[in-house]
There are 2 protein chains.
Amino acid sequence: MERLPGFRDFYPEPLPANEAWSCDLRQHIFARWRETARRYGFREYDGPPLEPLELYTTKSGAEIVSQLFNFQDKGGRDVSMRPEMTPTVARMIATAERAYKKPVRWFSIPQLFRYEKQQKGRLREHFQLNCDLFGETDPAADAEVLALLIDGLRSLGLTAADFVIRLSSRQAWQGFFHGRGGDPARAQEFYQVIDKIERERDEVTAERLRSVGIDLADVRAFIAAGEPTPDLARVLADLSARGLAEFARIDYGVIRGLAYYTGIVFEAFDRKGEFRAIAGGGRYDDLVKLVSGGKADLPALGFGMGDVVLAELLKSRGLVPSFAGAVDVVVLVEDEAMRAESIGLVQRLREDGRAVEFALVPTKGDKQFKRALELGARVTLRVQSTPTGPTVLVKSLADRIQREVAMADSVAACRP
Amino acid sequence: MERLPGFRDFYPEPLPANEAWSCDLRQHIFARWRETARRYGFREYDGPPLEPLELYTTKSGAEIVSQLFNFQDKGGRDVSMRPEMTPTVARMIATAERAYKKPVRWFSIPQLFRYEKQQKGRLREHFQLNCDLFGETDPAADAEVLALLIDGLRSLGLTAADFVIRLSSRQAWQGFFHGRGGDPARAQEFYQVIDKIERERDEVTAERLRSVGIDLADVRAFIAAGEPTPDLARVLADLSARGLAEFARIDYGVIRGLAYYTGIVFEAFDRKGEFRAIAGGGRYDDLVKLVSGGKADLPALGFGMGDVVLAELLKSRGLVPSFAGAVDVVVLVEDEAMRAESIGLVQRLREDGRAVEFALVPTKGDKQFKRALELGARVTLRVQSTPTGPTVLVKSLADRIQREVAMADSVAACRP
């Protein structure tokens, strides 16, 4: 029996043939994400992976349903596996906002699901770091969230030579559109054309822009000028004060597809342009109100960063660490008369924090030693019987130097 | 809009009114589980939360479908959200067993889903630590897995006064049943009666036992005697060698409901008997072969430990740590002329590993200080302008002692 197409198994390393996804690498990424969020005072939350279908159709309209893993549950409810986290976190904060001091800084690492049309390598699930800040309209909040995104990528070893944040603004494009007499009712339509400008042929874009009364050359000139809005100028100054200026630049070629963004928007890309966006986000000041049916009204902004493009980027830049050495100590049982003593020692070593393996059944000594080398162990221990009671032979595998210690000293002898 | 019944939101602490599930506590439990698994040389894996429906019906028969979140996906596939992890891990190891040295020691922390009949407090999802060991038939492997379970609970502060593992054996009951001339074709039916013996009225149990030719008093006497099988005697001796004897006892009142167990089975319970089982597992030597259609054949055993009963037990025993103090340092911005300097300092502190917050917008000094206290910060910093350039006032919040340091020394001054 095989797994479903578009879903991943995550194996421990070394990976089996034909398997690409390492659970070790995934957990390495998650650990760096969590550590960075912690440094920014962001607190972890999570919601259900299954939500009422309505949570998504309210925000994105009925057309989103074709991309969802949705169904009717045994109680007749229309439900969907979550395709994104923002509606869930908006629902959660709307319910509970009074319990938290503003601004609220939250993050989560949900697995998300989309029924994408099947294409080679196209996945139907991925994990995504979601960081959101609620309750602050000032661009200082936008800068704080951008700095978190930048440091999240830096924590994995990526530098300004590897990635850049392209900063844009819904207000900038709104000003452009209204300044040219665009019909406010067609603004979303206009944004959708801008969102596709880099992937679409120019003739098609020009035609679509004409239909909303806009000229392609005018759009191109606006992008080329890249004049920051007052909010963006504030964000750039803030990032400069943090020493992070080189990680971001104004780029109005970005606008983000989702309808709910209201202010600054951004995407992170690799500098070489080899991959799709690494992360994306922006300000969505009206969504909490929409999702809560008016019960709560909080300005908000945030971003999502997926594990798939990021893992590919880390691999291509040589930034995947070695995951060997998961075991510190191997206790060799060469004398079966010493097995009970050896097992007791294993237990004490583990209680002292060491990662320990030993041969569960009688095994040749050289085979046990070979296994210790394969596991990348730092130390082997061997309990030996002496006339005055058992002692322990401690061998450092780096230099193969062996010494004999008293049983009572053997646990301390294995501390790194 | 509300979340679905039986699903949980996990909020950061302090929890909002009417919310019971703390993401901080959840992550605390996960961290202890991961740390314990690491000490035992177990490696993390994960599989898809959505699997082919057939993966579950093959193992458990069609009747399981009524308890599943199953549906037909947009490609017409019959799929199900995973109700347990064992079929997934059996599928994964069957595919990849040649890549790994035996015994294979794996763990995972999946979220699992069951469409339980709606009852007060009855959940439809939970997280579960799954630890499995493949490729070893010797009872030493059973002891190793049991020790891991015991240490997983001890890592959370639980002691032998709080919980005990009830050890049993399918072979013991098989021997009993065959010894009384039971029909081998009805052995599973007999095990099901034993599995319910503690929850069912005696008259019902006696009647059901009679129908398979067994006497209740005989069963009671067998449980009371609790004579260990040779395998169980080996396990008890091994746990004794580890100093863990007090955490386990023979108890044939346990047999485990699932059909696929083949050897030693066990459940962990709180000593006071207040809660349902904390964890359960056993040996399932035939399942890999069944799930892989004969492609692979590996002896196996393992256990699952859920987060729900465990969290309740930790709460009732006062073993939930405080999750305040998520922020180390608050940088106070009392002089807006020093904001850029302050933001630069925030960045350097975070790069040094501190968790830092600061007021994103101009805020009264006493309000900022109050916020630092609420956050449980250890230190506040304040950048001040002096004729020779900015310096930093460092205040320890434990003793309220303040000292002035040079900007260049301020990051080091905040290290714990």
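The structure displayed is predicted, hence computed values, not measured ones.

Observations concerning the nonpolar core
Ranked by internal contacts, the top residues of the largest apolar core, which has 94 residues, are B:Trp173 and B:Phe190. The contacts of B:Trp173, once residues within four sequence positions are left out, are B:Ser168, B:Phe190, B:Tyr191, B:Ile194, B:Val219, B:Phe222, B:Ile223, B:Tyr252, B:Val254 and B:Ile255.

Section: the relation of the copies chain B and chain A
Mapping chain B onto chain A calls for a rotation angle of 180° and an axial translation of 0.0 Å; the resulting RMSD is 0.0 Å. Here the copies are linked by what is in effect a two-fold axis. The C-alpha atom lying nearest the rotation axis in chain B is that of B:Phe71; the distance is 3.2 Å. Of all interface residues in chain B, 100% are interface residues in chain A too; the two copies therefore contact each other through one and the same surface.

What about the interface of chain B and chain A?
Between chain B and chain A, the residue contacts involve 99 residues of the former and 99 residues of the latter. Interface of chain B and chain A: buried area, both sides summed, is about 8,200 Å²; carbon and sulfur atoms make up 56% of it. Contact with chain A buries surface across chain B, with B:Met1, B:Lys74 and B:Leu360 losing the most and accounting together for 10% of the total. Linking chain B with chain A are 16 salt bridges, by the criterion used here. Put simply, A:Glu351 and B:Arg154 hold a salt bridge, and the shortest N to O gap is 2.8 Å. The interface formed by chain B and chain A includes 42 residue pairs in polar contact (both at pLDDT 80 or more). The residue makeup of the side of chain B that touches chain A, split by class, is 49 nonpolar, 13 polar and 37 charged.

Overview of the packing of aromatic side chains
The way to describe two aromatic rings as a pair is by their centre distance and the angle between their planes. Residue and element names in this part refer to chain A. Taken as a whole, this structure holds 47 aromatic pairs over all chains when the rule is applied. With centroids separated by 5.2 Å and ring planes inclined at 90°, the aromatic side chains of tyrosine 100 and tryptophan 106 adopt a geometry described as edge-to-face. Tryptophan 106 matches tyrosine 100 in its accessibility class, with the two residues each being buried. Between phenylalanine 176 and phenylalanine 190, the aromatic rings sit 6.0 Å apart at their centres with planes inclined by 5°, giving stacked as the arrangement. Highlighted residues: phenylalanine 176 in helix H5 (residues 170-179) and phenylalanine 190 in helix H6 (residues 187-195), separated in sequence by 14 residues. Both residues of the pair, phenylalanine 176 and phenylalanine 190, count as buried. Following the ring pairs from residue to residue traces out a cluster consisting of Trp173, Phe176, Phe177, Phe190, Tyr191, Phe222 and Tyr252.

Quick notes on the packing of helix H5 (residues 170-179) of chain B against helix H6 (residues 187-195) of chain B
All names here are of chain B. Interhelical geometry of H5 versus H6 gives an angle of 115° and a closest axis separation of 11 Å. The orientation of H5 relative to H6 falls into the category roughly perpendicular. In the crossing of H5 with H6, the sense of the turn from one axis to the other is right-handed. Touching Arg170, Trp173, Gln174, Phe176 and Phe177 of H5 are Ala187, Gln188, Phe190, Tyr191 and Ile194, all from H6.

A few points about the pattern of salt bridges
Inspection of every chain in the model, using the stated rule, returns 97 salt bridges over all chains. One salt bridge in this structure joins A:Glu274 and A:Arg317, with 3.4 Å as the shortest N-O distance. Taken together, the positions of A:Glu274 in the loop between strand S10 (264-270) and strand S11 (279-283) and A:Arg317 in the loop between helix H11 (307-316) and strand S13 (329-332) put the pair 43 residues apart, joining distant regions of the chain. Since its relative accessible area comes to 47%, A:Glu274 is described here as partly exposed. A relative accessible area of 18% places A:Arg317 in the buried class. Where A:Arg382 meets A:Glu334, a salt bridge forms, and the shortest distance between an N and an O atom there is 3.6 Å. In this pair, A:Arg382 sits in strand S15 (residues 379-384) while A:Glu334 sits in the loop between S13 and helix H12 (339-351), placing the two residues 48 residues apart along the sequence. You can call A:Arg382 partly exposed: its relative accessible area is 25%. Through salt bridges with shared partners, one network takes in A:Lys101, A:Arg105, A:Glu144, A:Asp238, A:Arg242, B:Arg350, B:Glu357, B:Lys370, B:Arg371 and B:Glu374.

Rules of the game
Residues numbered from 1 in each chain as written. Chains lettered and ligands numbered in written order. Predicted model: local features only at pLDDT ≥ 70, side-chain atom pairs only at ≥ 80, totals over all residues. Heavy atoms only, no water. Core = buried A, V, L, I, M, F, W, Y, C linked by side-chain atoms within 4.5 Å. Buried < 20%, exposed > 50% of the residue type's maximum accessible area, 1.4 Å probe, protein only. Contact = heavy atoms within 4.5 Å. Least-squares fit on C-alpha atoms with pLDDT ≥ 70 in both. Buried area = accessible area lost by both parts, 1.4 Å probe. Salt bridge = Lys/Arg side-chain N within 4 Å of Asp/Glu carboxyl O. Polar contact = N/O pair within 3.5 Å; in protein donor to acceptor, adjacent residues only side chain to side chain. Nonpolar A, V, L, I, M, F, W, Y, C, P; charged D, E, K, R; others polar. Phe/Tyr/Trp six-rings, centres within 6.5 Å; stacked < 30°, edge-to-face > 60°. Helix = DSSP H or I, 4+ residues; strand = E, 2+ residues; numbered from the N terminus. Axes fitted to C-alpha atoms, helices over the stretch in contact; angles between N-to-C directions. Parallel < 35°, antiparallel > 145°, perpendicular 65-115°, else oblique. Left-handed = near helix turned anticlockwise from the far one by under 90°.

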